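Topology and contacts: notes
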Amino acid sequence: RGAGSAMSLRERSPGGAVVVEAGEDAAAALAEPGGPERCLSLLPWDRFSAWLHCVCVVGFDLELGQAVEVIYPPHSKLTDKEKTNICYLSFPDSNSGCLGDTQFCFRFRRSPGRKVSLRCFLDQLDRDLPVYLKKDPAYYYGYVHFRQVRDKSLKRGYFQKSLVLISKLPYVHLFRTMLKQIAPEYFEKSEAFLEAVCSDVDRWPPPIPGKILHLPIMGIIMKLRIPTYRDKPGTTPIVQNMQQVDAQISMALPTVHEVDLFRCFCPVFFHIQMLWELVLLGEPLVVMAPSPSESSETVLALVSCISPLKYCSDFRPYFTIHDSEFKEYTTRTQAPPSVILGVTNPFFAKTLQHWPHIIRIGDIKLPGEVPKQVKVKKLKNLKTLDSKPGSVYTSYKPYLNKDEEIVKQLQKGVQQKRPTEAQSVILRRYFLELTESFIIPLERYVASLMPLQKCISPWKSPPQLRQFSQDDFMKTLEKAGPQLTSGLKGDWIGLYRHFLKSPNFDGWFRSRQKEMTQKLEALHLEALCNENLVFWSQKHTEVETVDLVLKLKNKLLQADREQLPVKTDTLKKLQTHINDIILALPDDLQDILLKTGTT
């Protein structure tokens, strides 16, 4: 799809690690038997690094408190700050009282300045993902399986340990499934088992979007498909359970990243539309929950409710008072930041009292009866975490009128004992249609900022996109607004005005701007290819011809570096033009130009 899709550039970084710029052809080759060997030389642990940064074991030391006991593979690098964050985020707060096994996830800032050996190749895979699944290079996810059981042989009286997967990938369902398979056995067998798990992961194929992947883990094969940006939003291709092979058990994962949406929103489902608005607008939100499991699930559900839009602000599925950003996020000297925090410590009820929107949820259980409607409460009524669960504390007035239909549909599902998966599908489709109705008018207007193709001249720089004008956009809403696809009434104009000031608009618009600028560069390349460049060079001086050759070489490098959406034939044609022009020049110039790479 990009200009470099037929090109494969391989080089060695100064540290000796292989850096691969792999296009779609290379990615496809990696998925086939023997593909990696044909396509690029992967170093030990490169396959592992495509999925995980490392695996940590966090235990409780009577003198030190929480401590990282094991990091695997041993060469994995974590800064002291990262280790401290992992230590505190891998254990529930003491008030949570989580006995037995508990799973949850957290997200924390990476320390800057780390080099990645397989960066270019992984960037290529990232390009094919939907925008909301793209990696954020500034953050890591931690996927936790925590065990707390009584043990009289220990001084503390309890065995407390967490197995933690650290990854850049937001594939919560995949890693939760993996932990369910490996954690119980790890707690029994310890280090050697962990080494075997990591060796299994180092044999996995790369996380290529759109391919059916088979991932073996300790005698079980997980079968899954990572979505691509080409997938129609709201559709999930079914991964069929395969036949058992060699007595190995296989399991098909219906999703790699989705949470149980209905289960998460069940405590507050009378307020789902208002919560959708708050997330869309990037408003500061706190989820107060009894345990990290509930807080992380709910934060992830909130972030996903504006899909296919990407939530562009920070979000922390589980946040503690020991977090390195605690002071930054709880200060009263400035307005609360655009962030969603999931917390469990009662201390936060006091610390975050000044935050404008607070959701209080209890233990997430699916209702056997229809939940009763709970009114939105004023913030001054929030005194402690013991406030009534299932409440939303805010003075926010929604812009749109409430959609009673979705509430009735979900209530009916509860009465009819409809499976939670089916309820989640209904809810996800509702959020998707709401988000698409909102974003389509913006997409339509931004597309109109693209210059016409007839304005593209091979002999001039590509034309610029026209400026985004809020007034011009608002004028389009009268005839081409959300009313074309949504029956919801309300102050859509006010919602758009608020959204245009939000980080989510800024992130969305930057992404669209980049795509359209690359499209213009690609069209400019095609225009150049359609010219008789050799004929042009014969009519101009040697200096002008050399200048043209250098500019064309730079264009080819740019096409490969930025993965411009150019056909492979176009690139080959341009290379032929360059070669023909060089061959028509004197021998001394030919030698210089054939050796010149350009920047």
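We now turn to the structure provided with this report. (Residues numbered from 1 in each chain as written. Predicted model: local features only at pLDDT ≥ 70, side-chain atom pairs only at ≥ 80, totals over all residues. Heavy atoms only, no water.)

1. Side note on the environment of His322
Note that His322 resides in the loop between β12 (314–316) and α11 (326–330). Sequence spacing of His322 and Thr84 is 238 residues, and the spatial spacing of their C-alpha atoms is 8.7 Å. Each residue touching His322, except ones within four places of it in the same chain, is listed here: Asn85 and Tyr88. (Helix = DSSP H or I, 4+ residues; strand = E, 2+ residues; numbered from the N terminus. Contact = heavy atoms within 4.5 Å.)

2. With respect to unusual backbone geometry
Across the junction of Tyr72 and Pro73, the peptide omega takes the value -5°, indicating a cis bond. With respect to the helices and strands, Pro73 occurs in the loop between β4 (65–72) and α4 (80–89). Positive phi outside glycine occurs at Met218, with the angle close to 50°. Topologically, Met218 is positioned in the loop between β8 (212–217) and β9 (220–225). Although it is not a glycine, Gln563 adopts a positive phi angle of roughly 50°.

3. A few points about empty space enclosed by the protein
Applying the stated criterion across every chain yields a total of 2 cavities of 30 Å³ or more. Reported here for the second largest cavity is a volume of approximately 60 Å³. Forming the walls of the second largest cavity are Gln103, Phe104, Cys105, Tyr143, Val144, Val172, Phe175, Arg176 and Leu179. Where the lining of the second largest cavity is concerned, the elements lending two or more residues are β5 (100–109), β6 (139–150) and α6 (172–189). In terms of residue count, α6 provides more of the lining of the second largest cavity than any other element does, 4 residues in total. The class makeup of the residues in the lining of the second largest cavity is 7 nonpolar, 1 polar and 1 charged. (1 Å grid on protein atoms, 1.4 Å probe; cavity = no way out; pocket = protein on both sides within 12 Å on 5 of 7 lines; lining within 4 Å. Points joined across faces, edges and corners; volume = space filled by probe spheres on them. Nonpolar A, V, L, I, M, F, W, Y, C, P; charged D, E, K, R; others polar.)

4. Details of the pairing of strand β7 (residues 158–167)
Regular strands show a simple pattern: their side chains alternate between the two faces of the sheet. Buried residues dominate β7, accounting for 8 of its 10 residues. Alignment of strand β3 (residues 54–61) against β7, held across 6 bridges, turns out to be antiparallel. By the bridge assignment for β7, Val57 is matched with Leu163. Inspection of the sheet shows β6 paired to β7 by 10 bridges, in the antiparallel sense. (Buried < 20%, exposed > 50% of the residue type's maximum accessible area, 1.4 Å probe, protein only. Pairing = 2+ DSSP bridges.)

5. A closer look at the packing of aromatic side chains
Centre-to-centre distance and the angle between the planes together describe a pair of aromatic rings. Evaluation of the coordinates by the stated rule reveals 36 aromatic pairs. Pairing Phe438 with Tyr496 gives two aromatic rings, centres 4.3 Å apart and planes at 10°, and the pair type is stacked. Within this pair, whereas Phe438 is found in helix α14 (residues 420–447), its partner Tyr496 is found in helix α16 (residues 492–499), the two being separated by 58 residues in sequence. Using a relative accessible area of 0% as the deciding quantity, one classes Tyr496 as buried. Grouping aromatic residues by their ring pairs yields a cluster made of Trp276, Phe438, Tyr445, Phe468, Phe473, Tyr496, Phe499, Phe505, Trp508 and Phe509. Between Arg107 and the ring centre of Tyr139, over which it is positioned, the NZ or CZ distance is 3.9 Å. Arg107 extends its terminal NZ or CZ atom over the ring of Phe315, reaching a point 4.0 Å from the ring centre. (Phe/Tyr/Trp six-rings, centres within 6.5 Å; stacked < 30°, edge-to-face > 60°. Lys NZ or Arg CZ within 6 Å of the ring centre and 35° of its normal.)

6. What about the packing of α14 against α16?
Axis separation between α14 and α16 bottoms out at 12 Å; the angle between their running directions is 75°. The angle between the axes of α14 and α16 places the two elements in the roughly perpendicular class. Taken together, the residues of α16 that come into contact with α14 (itself represented by Leu434, Ser437, Phe438, Ile439, Pro441 and Leu442) are Trp492, Leu495, Tyr496 and Phe499. A breakdown of the residues in the contact of α14 with α16 according to their chemical character gives 9 nonpolar, 1 polar and no charged. (Axes fitted to C-alpha atoms, helices over the stretch in contact; angles between N-to-C directions. Parallel < 35°, antiparallel > 145°, perpendicular 65-115°, else oblique.)

7. Observations concerning the environment of Val546
Tracing the backbone shows Val546 in helix α19 (residues 542–561). What makes Val546 buried here is its relative accessible area of 18%. Through-space distance from the C-alpha of Val546 to that of Leu593 is 7.9 Å; in sequence the pair is 47 residues apart. Those residues in contact with Val546 that sit more than four places away from it in its chain are Leu589 and Leu593.

8. Digging into helix α13 (residues 404–415)
For α13, which comprises 12 residues, the first-to-last C-alpha distance of 17 Å matches the rise-based estimate of 16 Å (1.5 Å per residue) to within 8%. Every buried residue of α13 is accounted for by Ile406, Val407, Leu410, Gln411, Gly413 and Val414. For α13, the buried positions fall inside an angular range of 155° around the axis, keeping them on one side. Seen from the buried face of α13, the exposed residues on the opposite side, beyond 90 degrees, are Glu405, Lys408 and Gln415. Residues of α13 that are buried sit in contact with α8 (261–265), α9 (272–280) and α14. Of the residues flanking the start of α13, the one acting as N-cap is Asp403, its side-chain oxygen 3.0 Å from the backbone nitrogen of Glu405. Immediately downstream of α13, the backbone of Lys417 shows phi near 55°, a positive value. (Expected span 1.5 Å × (residues − 1). Arc of directions from axis to C-beta. Polar contact = N/O pair within 3.5 Å; in protein donor to acceptor, adjacent residues only side chain to side chain.)

9. So, the packing of helix α17 (residues 503–529) against α19
Running from N to C, α17 and α19 cross one another at 140°; their axes reach a closest spacing of 11 Å. Between α17 and α19, the angle falls in the class oblique. The two elements α17 and α19 meet at a crossing, and its hand is left-handed. Residues Glu521, His524, Leu525 and Leu528 of α17 form the contact with α19, whose participating residues are Leu552, Lys555, Gln558 and Ala559. Here the residues of the contact of α17 with α19 sort into 4 nonpolar, 2 polar and 2 charged. (Left-handed = near helix turned anticlockwise from the far one by under 90°.)

10. Concerning the pairing of strand β13 (residues 339–343)
Of all 5 residues making up β13, 5 are buried, and the element is well covered by its neighbours. Of the two faces of β13, both are covered, the one formed by Val339, Leu341 and Val343 as well as the one formed by Ile340 and Gly342. For strand β11 (residues 285–288) and β13, the ladder comprises 4 bridges, and the chain directions are parallel. Its bridge partner lying in β13, Met288 is registered against Val343. Sheet topology places β12 next to β13; 3 bridges connect them, and they run parallel.

11. A word on the sheet that holds β13
If you trace the 5 strands from one edge of the open sheet to the other, you get β12-β13-β11-β14-β15, paired in mixed fashion. If you trace the sheet from one side to the other, it starts and ends with β12 and β15 (391–394), each paired once. Within the sheet, the average angular offset between the axes of one strand and its neighbour, ignoring direction, is 15°. Helix α10 (residues 292–304) contacts β11, β12, β13 and β14 (357–360) of the sheet and is inclined by roughly 160° relative to β13.

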